[in-house]
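Now for the letters of each chain:
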Amino acid sequence: PDAWGWVDGGEIETATPRISVALRDLTGFDGRCAGIAFTRGNARPPDALHEMEGECPHEPQGAPPRNFDLVVVGGGIAGTCAALAAARQGLKVALLHDRPMLGGNASQEVRVWCGGEARHPLVREVRNLFMNREPGAALSDRARMRLVQDEPNVALYTGWRACGVERTAEENRIAAVTARQVESGAMARFAAPLFVDATGDGWIGYWAGADYRMGREAADEFGESMAPAVADGRTLGCSLMWTSMTANTAVPFGPLPWAEPAAQGVVATQGEWNREYGLDHNIITEGETIRDHLLRVIYGSFSLAKRDPQHARRVLDFVPYNLGKRESRRLLGDVILTENDVREQTPFPDAVATGTWSIDLHEHAGGADFLTMCRQPLFGRYWIPLRALYSRNVKNLLMAGRCFSATHGPRQSARDEHHRADGRGCRLCGGALSTARAGAAGTGGRSRARRGTASVHRRSLPGPSGSGAGGMDNH
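In what follows, the accompanying structure is described. (Residues numbered from 1 in each chain as written. Predicted model: local features only at pLDDT ≥ 70, side-chain atom pairs only at ≥ 80, totals over all residues. Heavy atoms only, no water.)

**Things to note about the overall build of the protein**
Argument step 1. When helices and strands are counted, the protein shows 12 helices and 19 strands.
Argument step 2. Out of the 475 residues in the protein, the part that is buried amounts to 53%.
Argument step 3. Across the protein, contacts joining residues at least 24 apart in sequence account for 72% of those joining residues at least 6 apart.
Argument step 4. Of the roughly 21,200 Å² of accessible surface on the protein, a fraction of 50% belongs to carbon and sulfur atoms. (Helix = DSSP H or I, 4+ residues; strand = E, 2+ residues; numbered from the N terminus. Buried < 20%, exposed > 50% of the residue type's maximum accessible area, 1.4 Å probe, protein only. Contact = heavy atoms within 4.5 Å. Areas by Shrake-Rupley, 256 points an atom, 1.4 Å probe, with all protein chains shown as cover.)

**Re the packing of helix H2 (residues 77-88) against helix H4 (residues 137-149)**
Argument step 1. Packing of H2 against H4 brings their axes to within 10 Å, and their N-to-C directions diverge by 30°. What the angle tells us is that H2 and H4 run roughly parallel. Helix-helix and strand crossings are classified by hand; for H2 and H4 the assignment is left-handed. From H2, Ile77, Thr80, Leu84 and Arg88 reach across to H4, where they touch Arg144, Leu147 and Val148.
Argument step 2. Here the residues of the contact of H2 with H4 are counted per class, giving four nonpolar, one polar and two charged. (Axes fitted to C-alpha atoms, helices over the stretch in contact; angles between N-to-C directions. Parallel < 35°, antiparallel > 145°, perpendicular 65-115°, else oblique. Left-handed = near helix turned anticlockwise from the far one by under 90°. Nonpolar A, V, L, I, M, F, W, Y, C, P; charged D, E, K, R; others polar.)

**Looking at the sheet that holds strand E5 (residues 160-167)**
Argument step 1. Overall, mixed pairing links the four strands, which are arranged E1-E7-E6-E5 in an open sheet. Edge positions in the sheet fall to strand E1 (66-67) and E5, since each has one partner strand and no second.
Argument step 2. Across seven bridges, E5 lies against strand E6 (residues 174-181) in antiparallel orientation. By the bridge assignment, Ala162 is partnered in E6 with Ala179. (Pairing = 2+ DSSP bridges.)

**Some words on empty space enclosed by the protein**
Argument step 1. All chains considered together, the criterion is met by four cavities of 30 Å³ or more.
Argument step 2. Within this model, the largest cavity holds a volume of roughly 80 Å³.
Argument step 3. In this structure, the largest cavity is lined by Arg216, Glu217, Glu224, Met226, Ala227, Pro228, Glu339, Ile359, Thr407, His408 and Gly409. (1 Å grid on protein atoms, 1.4 Å probe; cavity = no way out; pocket = protein on both sides within 12 Å on 5 of 7 lines; lining within 4 Å. Points joined across faces, edges and corners; volume = space filled by probe spheres on them.)

**Quick word on the pattern of salt bridges**
Argument step 1. Tallying each qualifying case throughout the model produces 23 salt bridges.
Argument step 2. In this structure, Glu109 and Arg99 form a salt bridge, with 2.7 Å as the shortest nitrogen-oxygen distance. One end of the pair, Glu109, is in the loop between strand E3 (93-97) and helix H3 (121-126); the other, Arg99, is in the loop between E3 and H3, and 10 residues separate them in sequence.
Argument step 3. Taking relative accessible area as the criterion, Glu109 reaches 11% and is therefore assigned buried. (Salt bridge = Lys/Arg side-chain N within 4 Å of Asp/Glu carboxyl O.)

**Quick look at the nonpolar core**
Argument step 1. Ranked by internal contacts, the top residues of the largest apolar core, which has 71 residues, are Val71, Val93, Leu96, Phe190 and Phe404.
Argument step 2. By residue number, the principal contributor to this core is H2, which donates nine residues.
Argument step 3. In terms of nonpolar packing, the next biggest core, distinct from the first, is built from 21 residues, Ala259, Val266, Tyr299 and Phe302 among them. (Core = buried A, V, L, I, M, F, W, Y, C linked by side-chain atoms within 4.5 Å.)

**Focus: the sheet that holds strand E4 (residues 154-158)**
Argument step 1. Strand order in the open sheet formed by five strands is E4-E3-E2-E8-E19, with parallel pairing between adjacent strands. Where the open sheet ends on each side, the last strands, each with one partner, are E4 and strand E19 (397-399). Recorded for the sheet is a direction-independent mean angle of 20° between the axes of neighbouring strands.
Argument step 2. Sheet topology note: the strand E2 (residues 70-73)/strand E8 (residues 194-197) ladder contains four bridges and is parallel. Note that in E8 the partner of Val71 across the bridge is Phe195.
Argument step 3. Its contacts with the sheet put H2 on E2, E3, E4 and E8, and the angle it makes with E3 is roughly 170°.
Argument step 4. Sheet contacts for H4: E3 and E4; angle to E4, the most-contacted strand, approximately 135°.

**So, unusual backbone geometry**
Argument step 1. In the segment running from Gly254 into Pro255, the intervening peptide bond is cis, with an omega of 5°.
Argument step 2. Positionally, Pro255 belongs in the loop between strand E11 (243-246) and helix H7 (260-263).
Argument step 3. Unusually for a residue other than glycine, Arg111 sits at a positive phi of about 70°.
Argument step 4. With respect to the helices and strands, the residue Arg111 is situated in the loop between E3 and H3.
Argument step 5. The residue Gln345 is not glycine, and still its phi comes out positive at about 50°.
Argument step 6. For Gln345, the position within the fold is in the loop between helix H9 (339-343) and strand E15 (351-355).

**Quick word on the packing of aromatic side chains**
Argument step 1. This model, assessed by the stated rule, comprises 11 aromatic pairs.
Argument step 2. Between Phe68 and Tyr157, the aromatic rings sit 6.4 Å apart at their centres with planes inclined by 85°, giving edge-to-face as the arrangement. Here Tyr157 lies in strand E4 and Phe68 lies in the loop between E1 and E2, a separation of 89 residues in the sequence.
Argument step 3. Each ring, one from Tyr157 and one from Trp160, has its centre 6.0 Å from the other, and the planes form 85°; the classification is edge-to-face.
Argument step 4. Judged by relative accessible area, Trp160 falls into the buried class, the value being 10%.
Argument step 5. One aromatic cluster is present, formed by Phe68, Tyr157, Trp160 and Phe190 through successive ring pairs.
Argument step 6. A cation sits over an aromatic face here: Arg329 above Trp203, 4.2 Å from the ring centre.
Argument step 7. One residue, Arg329, lies across the ring of Tyr206, its end atom 3.9 Å from the ring centre. (Phe/Tyr/Trp six-rings, centres within 6.5 Å; stacked < 30°, edge-to-face > 60°. Lys NZ or Arg CZ within 6 Å of the ring centre and 35° of its normal.)

Laid out in structure tokens, this is it:
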């Protein structure tokens, strides 16, 4: 079916109280099943799965939360750097990630390269060393995982997906993050004085009631020349970059009448970043629809290519199933980085990171709905302030990665930076917050960040007019 729903699996009779059930995918093309329900008689399970399992149940009544100094949710490049930087400053850190491997878009599951300058040694430790689509990303994954597993102050929870937050009653603060283990279904609460949202989509901030934006600002709001005249909900789209290879003998494939129309006449044996869809869709609510369309495009384009005898030996090599996202929610801090801050290289007194990539804006290229082009005006090195890395209204929430505080335009530079991979940028967030923490308990995250600003700036960067190496050298 095109939409999620229950499919009648028939009736079974068994005299055995315990039986084993297994699924076998006969579709051959990314068939998915969210659950199996057994009912008696003609009863039908509810269409919404949350009606069966609850919104996000906690551990058994009375079970204590798992306590840390810092909880980082999201193990992409930014979240991994934040966790390691804080751990190396002595904080006890929980790093929650819903995939079996770290790296996010830079991992072997998506295979996006890490661009921009790597000014901090930690970035060089964690980054993906390989270009788009290269299988060597698996080697970087392995090295990254070893780094985290060998860090005694990091408790790594792979396969744990955050699904809610608990807020304190007296202040606008997060008390705990609730997460589910995706394989076992086990639930747990992770409590800390500070939290880092490195989910990419800004889920922790969203659940906590943090101010956020999504889409493009109007040009006159911040005086941005590259912004549209009227604000809208457009974001950059998503990609599934794929490859094929040459086999020793001819390999049949297709025809695929259910996929070829999606290719819209485009014949291909590989797909790069500009196979992008979803600019005019909601990345949050329509992510699965976007992903499924791109999968049809891949199979359809390759099916068309296989009609040519010169491609008789071509076989699909790598087709990702995790959507390579570029943009969604942006959580707002006390400073919103704007296009003019990038153009004019605003010398923020609390600068804790730099950017060097262009403002990388994507547009429809015309023709097929999944083809895009980009504009990439380059303005040189610019500065990212600490005040763009914490929520302006949730007192103990910081941001690492593509959900940091910026308008649509400059965020497209930071997301392509080496130090913001996966949304790629707040690699210094961990160092900044750990320097500014003034202890793992006490006052709110925002006041800690402000007290630590001067210290972070002196120890991190040579200053906007300096010539030093920069990059949190003493951290």
